[in-house]
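# Results of the structural survey
If you want the building blocks of each chain, they are given just below.
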Amino acid sequence: MVKPKAVVIIPTYNEAETIGKMIKYLFAKIFPLIKNWQMKLLVVDDTSPDGTYKIVQQLQEKHADLYLYLNPKKMGIGYAYVVGFKYAMEKLSADVVIEFDGDFQHPPETIPVLLSEINRGYDYVLGSRKIKGGSVPEGWGIKRKFFALVGGLVARFILFFPSKAFFKITDPTTGLKASRVKGFVDRMDMDHLYSKKFGYKLEFLYKMVNLGAKIKEIPLKFKLRKVGSSKIAPDTAKDIFHSVILCRLNDETTSRFLKFSVVGFIGYLVNAFGLWLFAKLGFLEGFIWLLATELAIISNFTWNNLWTFSQQKFTKSMTILKKFLQFNLTSSGALVIQTVMGTLLTFLFGTQYRQLYLPLIIVFMVLPYNWLMYNRVIWKKKAS
Ligand code: GDD
Ligand code: MN
């Protein structure tokens with residue numbers, strides 16, 4: 001039986017002091033432990049001025065499974081991984097790709113652990129410094145620890161809140177990962193990354209999550225760097241922030257939610273305008289409210305159909321009519337929620353806070369209710 005292939009990618013820039021030791025250690029001590037995988041090592045070097053690639057070239061004479069991809073100049077870690085992933089898939093027919101650092105901050109012993117989780121059926125295995133058994137270096141000052149913690153939380157929040165991934169992924173900036181190729185990396189768009197630097201990590205993460213990868217975290221004891229220096233530039237935090245914001249803003253669900261909110265706000269304005277108009281026309285109080293509300297419902301239905309859910313837009317007049325009636329029904333549901341909750345809150349806490357209850361009920365109950373109904377009932381995607 002042919003073994004599946006796992007390619008460990010190490011990007012390097014000025015790692016001459018450790019890369020030789022790392023390569024020897026992996027081939028002598030780690031890869032032999034891994035029985036059911038064919039292991040290959042790919043170093044992506046940016047023609048490091050300290051001659052890192054020359055050490056790799058020398059070692060290639062001894063190790064048939066050692067590969068080197070040489071970029072002509074410093075291109076950034078993200079770029080190194082993009083060309084590395086492509087090379088691993090196209091030239092080395094990788095089934096799994098592992099992201100790994102060349103400076104011994106990632107313990108090599110984690111590589112067999114990553115692969116055993118892949119064996120168990122996970123598609124994306126991440127080394128986490130935040131779960132039990134994982135840690136950041138003791139030597140890190142309180143300031144660095146704090147920034148790593150806050151940075152990670154902010155990135156998590158922007159990328160995933162409130163989806164499941166927000167709660168599941170504890171260390172979004174981690175550099176230690178194993179990714180399944182079939183169905184995931186081979187479907188990932190790597191040509192449109194916002195960052196060629198460290199921000200790429202969050203973009204890969206985001207894309208893997210959206211591809212529906214089954215995710216598992218393993219503990220990572222992140223070591224102190226003993227030699228050489230970190231390539232993390234002062235603008236890294238900005239780069240990561242920029243990447244996560246753009247990922248999220250261009251996310252289909254988020255932009256749909258923003259449109260839904262705008263339409264909702266327009267609905268409110270239409271409602272207010274209706275109250276004014278029908279009062280001016282001298283209608284009875286009950287009719288003023290009824291007509292103004294219906295006007296808002298019509299506005300919401302129309303704009304959501306044409307804009308928010310344009311991909312599932314109804315065009316046939318019979319369907320429009322049927323859906324519009326359904327829409328009135330779910331809207332009455334919202335009205336019931338608002339009436340019941342408003343009455344209940346007033347009963348519990350008094351009439352003096354009425355103007356506070358309304359926005360609270362809208363934001364925490366009516367909005368989620370409408371969002372759910374629109375997505376799951378009215379503009380439900382047809383199973384394809
Ligand atoms: N080819 C190439 N080009 N390699 C690079 C470049 C580059 O421009 N910049 C960095 N590298 C390589 C380094 O030589 C090293 O092998 C690896 O990428 C990680 O870089 P470090 O400079 O050691 O990063 P770090 O240890 O400070 O950052 C760690 O934490 C980050 C955030 O939590 C790493 O684990 C990162 O992977 C992680 O994202
Ligand atoms: Mn490092």
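Per chain, residue numbering runs from 1 following the sequence as it is written. The naming scheme follows written order: chains are lettered A onward, ligands numbered 1 onward. Residue-level local features of this predicted model are given only where pLDDT is at least 70; pairs of side-chain atoms are given and counted only at 80 or more, and the full residue set underlies all totals for whole chains, interfaces and linings. The basis for the side-chain values is all heavy atoms of the structure; hydrogens and waters are excluded.

Now for the overall build of the chain. Along its length, the chain carries 12 helices and 7 strands. With C-alpha atoms as the basis for the radius of gyration, the globule rule is written as 2.2 Å multiplied by the number of residues raised to the power 0.38. Since a compact globule built from 384 residues should have a radius of gyration of about 21 Å, the 28 Å found for the chain marks it as more spread out than a globular shape. In terms of principal-axis extent, the alpha carbons of the chain reach across some 90 × 50 × 40 Å. Burial analysis of the chain (384 residues in total) assigns 45% to the buried set. Note on definitions: a residue-residue contact is assigned when non-hydrogen atoms from the two residues lie within 4.5 Å. In the chain, the share of contacts with a sequence separation of at least 24, taken over all contacts with a separation of at least 6, comes to 78%. Values of accessible area rely on a 1.4 Å probe in the Shrake-Rupley scheme; residue burial ignores everything except the protein chains shown. Roughly 21000 Å² of accessible area belongs to the chain as shown, and the carbon and sulfur atoms make up 65% of that amount. The chain carries 52 positive and 28 negative side-chain charges, and their two centres are separated by 6 Å. In this text, helices come from DSSP runs of H or I with a minimum length of four residues, and strands from runs of E with a minimum of two, each type numbered from the N-terminal end. To sort residues, take the accessible area from a 1.4 Å probe on protein chains only and compare it with the maximum for the residue type: under 20% means buried, over 50% means exposed, and anything in between is partly exposed. When charges are tallied, Lys and Arg are placed among the positive residues and Asp and Glu among the negative ones, while His and the ends of the chain are skipped. Charge placement uses NZ in Lys and CZ in Arg. For Asp and Glu, CG and CD serve respectively.

When the parts of a complex come together, some accessible area is lost, and that lost area is often taken as the interface size. Annotation comment: domain bounds sourced from an automatic or database domain assignment. In terms of domains, the chain is made up of domain 1 (5-250) and domain 2 (253-378). Once you take the C-alpha centre of each, domain 1 and domain 2 turn out to be 47 Å apart.

Right, let's get into the site of ligand 1. Any residue with a non-hydrogen atom lying within 4 Å of a molecule or strand is treated as near it. Around ligand 1, the structure places 25 residues, and the nearest of them are Glu 15, Lys 74, Gln 105, Ser 230 and Lys 231. Interatomic distance of 3.1 Å between a backbone N/O atom of Thr 12 and a nitrogen atom of ligand 1. Relative to its free-state accessible area of 730 Å², ligand 1 is covered by the protein chains to the extent of 96%. The set of elements that each furnish at least two residues to the shell around ligand 1 consists of strand 1 (5-12) and helix 3 (77-90). Taken together, the residues of the shell around ligand 1 sort by class into 8 nonpolar, 8 polar and 9 charged. Whenever a nitrogen or oxygen atom comes within 3.5 Å of another N or O atom, the pair is scored as a polar contact, on the condition that within protein one atom can donate a hydrogen and the other can accept it, and that pairs from neighbouring residues in sequence are kept only if both atoms are in side chains. All amino acids are sorted into three groups, where Ala, Val, Leu, Ile, Met, Phe, Trp, Tyr, Cys and Pro are nonpolar, Asp, Glu, Lys and Arg are charged, and the leftover types, Gly among them, are polar.

Moving on: the pattern of salt bridges. Should a side-chain nitrogen of Lys or Arg be within 4 Å of a carboxyl oxygen of Asp or Glu, the pair is scored as a salt bridge. With the rule as written, the count across this model stands at 12 salt bridges. As a salt-bridge pair, Lys 201 and Glu 99 come within 3.5 Å of each other at their nearest N and O atoms. Here Lys 201 is found in helix 7 (residues 200-210), whereas its partner Glu 99 is found in strand 4 (residues 96-99), with 102 residues between them in sequence. Given a relative accessible area of 4%, Lys 201 falls into the buried group. In this structure, Glu 252 and Lys 381 form a salt bridge, with 3.8 Å as the shortest nitrogen-oxygen distance. Of the two residues, Glu 252 is situated in helix 9 (residues 252-280) and Lys 381 in the segment after helix 12 (354-378); the sequence distance between them amounts to 129 residues. Overlapping salt bridges bring together Glu 15, Asp 103, Arg 225 and Lys 231 as one network.

This part is about the packing of aromatic side chains. The description of an aromatic ring pair rests on the distance of the ring centres and on the angle between the ring planes. Only Phe, Tyr and Trp rings are paired, with Trp represented by its six-membered ring, and only when their centres lie within 6.5 Å; those with planes under 30 degrees apart are stacked, over 60 edge-to-face, the remainder tilted. Enumeration over the complete set of coordinates arrives at 32 aromatic pairs. Taking 6.2 Å as the distance between ring centres and 75 degrees as the angle between the ring planes, the aromatic pair formed by Tyr 81 and Phe 85 counts as edge-to-face. Within this pair, Tyr 81 and its partner Phe 85 are both found in helix 3, separated by 4 residues, close to a single helical turn. Its relative accessible area of 0% is what places Phe 85 among the buried residues. Judged by centre distance (4.8 Å) and plane angle (0 degrees), the ring pair of Phe 309 and Trp 379 falls under stacked. Here Phe 309, found in the loop between helix 10 (285-308) and helix 11 (317-349), pairs with Trp 379, found in the segment after helix 12; they are 70 residues apart in sequence, far enough to count as distant.

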